[in-house]
Amino acid sequence: ASVSSKEQKKNPVWWGSNVRRFGRGSRKRVNGEPEEIEAQIKADKIKMALEKLKEAKVKKLVVKVLIKDGSSKTLMVDERQNVRDVLDNLFEKTHCDCNVDWSLYETNPDLNLERGFEDHENLVEPLSGWTRDSENKLHFDEREDKYEVFKNPQNYYLWKKDKQTLKDMRDKDKELLIEENFCGTSIKVPDLEGALYLREDGKKSWKQKLFLLRASGIYYAPKGKSKTSRDLVCFVQFDNVNVYYAKDLKSKYKAPTDYCFVLKHPQIQKDSQYIKYLCCDDPWTLNLWVTGIRIAKYGAAFYNNYKTAVKKTSSGSAWANRITSSTGSSPSPAPSPSLSGSPRPSLSKLLSFLHPVYFTNLLPPPISLSIFISILLLSSV
C-alpha cells in the first residue's frame with residue numbers, strides 16, 4: 001500500500017481502483033479524513049444497541065379496560081408508567097372529561113373484592129400477580145370516594161361531630177382542615193376507633209372487637225383491657241397489604257352486614273388464611289375506615305395525587321374554554337367513553353378472546369407484538 005506521490009500522479013487510474021480495492025481504511029489515509037469519525041459511528045451504534053436491549057427488558061402488558069357503557073379499550077402499558085399515565089391515555093381515547101373522580105379499579109370475582117388503584121401506583125406490578133385463568137377485570141369509571149376526603153375533610157377528621165354540623169361546614173374551614181392535616185411536616189391520620197366485626201380464621205363466625213387506626217397500622221384492645229398504647233395489640237401493618245371493598249360476604253361467609261372491607265397482600269388471589277376480613281355496621285363507617293387506611297398507607301403521595309388530578313382537570317377546562325372562545329360556539333357535551341364505530345375490526349374485538357391481561361415479555365417486545373397484531377388483522381379480513 002506504500003506508493004509514492006509520483007507514482008500516484010503517473011497512474012491515477014490504477015491508484016483510484018486500488019483505493020476501492022484496499023477498502024475504506026486506505027481511503028481515509030489517502031484523503032486525510034479523521035479516524036475519530038469512524039469511532040464515533042461505532043459508539044453511536046453501540047449506544048443504540050444498548051438502548052434497544054434496555055427497551056426489550058421492560059415488562060409490557062396489553063390490558064383490556066372495561067368502561068361503564070359496556071365498551072372496552074385495549075392498551076399497552078409498561079412498568080415505567082403509573083396509573084396517572086394510563087388515565088391520561090384513556091382520557092385521550094375516550095374523550096371524556098378529566099374530572100378527579102375517574103379511576104382505574106380491579107375486581108376479583110373469586111374473592112368478591114374490588115380496589116381502586118392509586119394514581120402513583122405502577123399498574124404492571126399488581127396486574128402481573130393475576131393468574132392466566134383469573135376472572136379479574138380492569139375497569140375505568142368515576143368513583144366519588146376516590147378523593148372525597150379532600151372535598152369534605154370534616155367527615156373524616158371530625159367524624160365524631162353530628163352530621164348536620166359536618167354538612168354545614170364552610171369551604172374556608174375545609175381548606176384549613178386540609179392544610180392542618182396534609183400540609184405539615186407529616187400527614188395526620190384520622191383518629192378512628194370503633195367496634196368492628198372480625199372473621200375468625202377459616203370459619204364463618206365473626207367476633208366484635210374494638211379497633212383503632214394509627215399511622216403504623218390497625219390495633220385492637222383485648223377484652224377487659226383499656227385503649228392505652230401499652231394494652232393495644234397490633235392487628236395488621238400496612239407495609240405489605242392493600243385495602244379492598246368486599247361484596248356479598250353476607251351470603252358467602254355469613255357476615256353480620258353487607259359493609260365489609262378486606263386487608264390482604266396483592267399477590268394473594270385465592271382464599272387464604274392470611275386475608276383479614278372486617279365488617280362495619282353501616283356504609284358511613286365503611287367509608288371512614290377504608291379512606292383512613294389509604295391516608296395512613298400512602299401519606300403525602302395520596303395528597304400529591306389529588307393535586308395532580310386537580311391540575312389536570314383545570315388544564316382540561318382551560319383548553320375547552322379556549323377552543324370555545326376561538327370558535328365562538330358553545331361546547332358540545334363530552335361524549336361518554338365508547339369505542340368509535342369503524343368498518344375495520346377494532347383491536348379490542350380482535351383481542352377479546354384473550355385474558356384481560358396478555359403478558360408479553362419477549363425479546364424484543366415491539367417486534368413480537370406488531371407481528372402478532374398484524375396476523376390478527378390479516379386473519380380478520
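Now for a quick tour of the structure. Quick caveat: nothing in here was measured; it's all calculated off a predicted structure.

**Structural notes on the overall build of the protein**
Argument step 1. Across its full length, the protein holds 15 helices and 13 strands.
Argument step 2. Within the protein, contacts between residues separated by at least 24 positions form 60% of all contacts whose residues are at least 6 apart in sequence.
Argument step 3. Accessible area for the protein stands at about 22,200 Å²; split by element, carbon and sulfur atoms hold 53% of it.

**Considering the nonpolar core**
Argument step 1. Formed by 39 residues in total, the largest nonpolar core has its most connected members in F150, F211, I218, F235, F261 and L263.
Argument step 2. In terms of residue count, helix α12 (residues 283–298) provides more of this core than any other element does, eight residues in total.
Argument step 3. Leaving out residues up to four positions away in the same chain, F211 has contacts with L192, E193, G194, L196, L198, I218, Y219, Y220, F235, L278 and W289.
Argument step 4. With 22 residues, the next largest nonpolar core counts V77, V83, L123 and V124 among its residues.

**Some remarks on the packing of aromatic side chains**
Argument step 1. Tallied over the full model, the rule gives 14 aromatic pairs.
Argument step 2. Between W102 and F140 the ring centres are 4.5 Å apart and the planes differ by 20°, which places this aromatic pair in the stacked class. Taken together, the residues span a long stretch of sequence, with W102 in strand β3 (residues 102–108) and F140 in strand β5 (residues 137–142) at a distance of 38 residues.
Argument step 3. Directly above the ring of Y105 sits R143, whose terminal nitrogen or CZ lies 4.5 Å from the centroid.

**Digging into unusual backbone geometry**
Argument step 1. Of note in this structure, N112 is not a glycine but carries a positive phi near 60°.
Argument step 2. Examined against the element boundaries, N112 turns out to sit in the loop between β3 and β4 (113–116).
Argument step 3. Located in the positive-phi region is D248, a residue other than glycine, with phi close to 60°.
Argument step 4. With respect to the element layout, D248 can be found in the loop between β10 (242–246) and α11 (249–252).
Argument step 5. What makes D248 exposed here is its relative accessible area of 51%.

**Focus on the pattern of salt bridges**
Where charged atoms from two side chains of opposite charge approach closely, those side chains can pair.
Argument step 1. This structure, assessed with the given rule, holds 19 salt bridges.
Argument step 2. In this structure, the salt-bridge partner of D78 is R80, at a minimum N-O distance of 3.0 Å.
Argument step 3. Take D78: its relative accessible area is 11%, and that puts it in the buried class.
Argument step 4. Its relative accessible area of 51% is what places R80 among the exposed residues.
Argument step 5. Here R143 ties to D145 by a salt bridge, and the two come within 3.8 Å at their closest N and O atoms.
Argument step 6. Three or more residues are tied together by salt bridges with common partners; here these are R84, D88, D119, K146 and K312.

**Comments concerning the environment of I187**
Argument step 1. If you trace the backbone, I187 turns up in the loop between α10 (171–182) and β6 (193–199).
Argument step 2. Apart from residues no more than four positions distant in its own chain, I187 is found in contact with N181, F182, I295, G299 and A300.

What counts and what doesn't
- Residues numbered from 1 in each chain as written.
- Predicted model: local features only at pLDDT ≥ 70, side-chain atom pairs only at ≥ 80, totals over all residues.
- Heavy atoms only, no water.
- Helix = DSSP H or I, 4+ residues; strand = E, 2+ residues; numbered from the N terminus.
- Contact = heavy atoms within 4.5 Å.
- Areas by Shrake-Rupley, 256 points an atom, 1.4 Å probe, with all protein chains shown as cover.
- Core = buried A, V, L, I, M, F, W, Y, C linked by side-chain atoms within 4.5 Å.
- Buried < 20%, exposed > 50% of the residue type's maximum accessible area, 1.4 Å probe, protein only.
- Phe/Tyr/Trp six-rings, centres within 6.5 Å; stacked < 30°, edge-to-face > 60°.
- Lys NZ or Arg CZ within 6 Å of the ring centre and 35° of its normal.
- Salt bridge = Lys/Arg side-chain N within 4 Å of Asp/Glu carboxyl O.

Any functional reading would require information that these geometric values do not contain.
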